[in-house]
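Analysis of the macromolecular model
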Amino acid sequence: MSTAAPQAAAFSVPTIGTVRCVQALESELGEGLMWSVREQALYWVDILARHLHRWDPASDAYRRWTFAEEISALAERAHAPGLIVTLRRGFALFDPAADEQPRYVHQPELERAGNRFNDGKCDAQGRFWAGSMDFACEAPTGALYRYDPDGRCTRHDDGFAVTNGPTWSGTGQGLAMYFNDTVQGCTYRYDTDTATGTLTNKMLWMRWLPEDGVPDGMTTDAQGRLWIAHWGGSCVTCHDPVTAAELGRVALPVSQVTNCAFGGADLRTLFITSARGGLTPAQLAAEPLAGALFAVSVDSAGLPAHLFGG
């Protein structure tokens, strides 16, 4: 549900299959989903446990790396092996085949000692966008950054307690970026200049109702529809990017739904992470799969994850 006025959806209603648990992990804070097209494998993280996970669905091969500090988001590199990742204090490089620990390339907000980085992903031009947040999820000290392949880093927005996203969609008025102010329960839309990577015309796209939980990670499918995970809402919802109308809903057997990304050989599987951190013993008993990785088949394909240009 939303507070947006009802409008006729310009996008089709998705056909959604049955949700299945594919990795029954007990993640404190599952996040950072990324499907590797070149490896045909899924990567994701447990931020608070400082784990990076990799799973090959075809062979069922699974591997986990443990880092010295929190890891929150990742993307593959276009011109070098391995990944760009966000750690607690900023952007780093990590090659799963060679490195023992990531190595920082930029730390943009050392003066904000109470912050850590959270969600992020690359745009089609190979720039990595990521948001920071207050570790206690209270102070509005988080910001939105763009890290370019040449090493430049730009702060584009500020004043968030918890950031999530971004994702992009063409709306008929040009390319738009969507970004979540999770604590305030708001999703914002920005006009995007693809050549320069600048953002303008910030507007409130959706203010979520309490029964929806709050918006967490999100992704876009090949039609341009937005898929948004709901922390405290036990679901992922699909939306028209222009009207914000809800087109479909994936109900999950867990309350803290954290992120979603398309993957699989045909990009028609929506993978979904969850979290168990902060749940009471009674809640954990009622949600035995809290922290697990889920998957559901969707009739429309997603988009391949963009590569970092560096």
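Note that the structure is predicted; figures quoted are calculated from it, not measured.

Summed over all chains, the structure comprises 13 aromatic pairs. Geometrically, the ring pair formed by Trp44 and Tyr62 is tilted, given 6.5 Å between the ring centres and 45° between the ring planes. Taken together, the positions of Trp44 in strand S3 (residues 41-46) and Tyr62 in strand S5 (residues 61-66) put the pair 18 residues apart, joining distant regions of the chain. On the accessibility criterion, Trp44 (1% relative accessible area) is buried. You can call Tyr62 partly exposed: its relative accessible area is 35%. Following the ring pairs from residue to residue traces out a cluster consisting of Phe91, Phe117, Phe128, Tyr145, Tyr147 and Phe308. In this structure, Arg116 is placed above the aromatic ring of Phe135, and the distance from its NZ or CZ to the ring centre is 5.3 Å. Stacked on the ring of Tyr188, the Lys or Arg Lys202 has its end atom at 4.4 Å from the ring centre.

Next up on the list: the side chain of Asp95. Of note, Asp95 is situated in the loop between strand S8 (90-94) and strand S9 (103-106). There is no salt bridge for the buried Asp95, and the closest opposite charge comes from Arg103, which lies 7.0 Å off by N-O distance. Once residues lying within four places of it in the same chain are set aside, the contact partners of Asp95 are Pro81 and Gly82.

Cut-offs and rules
- Residues numbered from 1 in each chain as written.
- Predicted model: local features only at pLDDT ≥ 70, side-chain atom pairs only at ≥ 80, totals over all residues.
- Heavy atoms only, no water.
- Phe/Tyr/Trp six-rings, centres within 6.5 Å; stacked < 30°, edge-to-face > 60°.
- Helix = DSSP H or I, 4+ residues; strand = E, 2+ residues; numbered from the N terminus.
- Buried < 20%, exposed > 50% of the residue type's maximum accessible area, 1.4 Å probe, protein only.
- Lys NZ or Arg CZ within 6 Å of the ring centre and 35° of its normal.
- Lys, Arg positive; Asp, Glu negative; His and termini not counted.
- Salt bridge = Lys/Arg side-chain N within 4 Å of Asp/Glu carboxyl O.
- Contact = heavy atoms within 4.5 Å.

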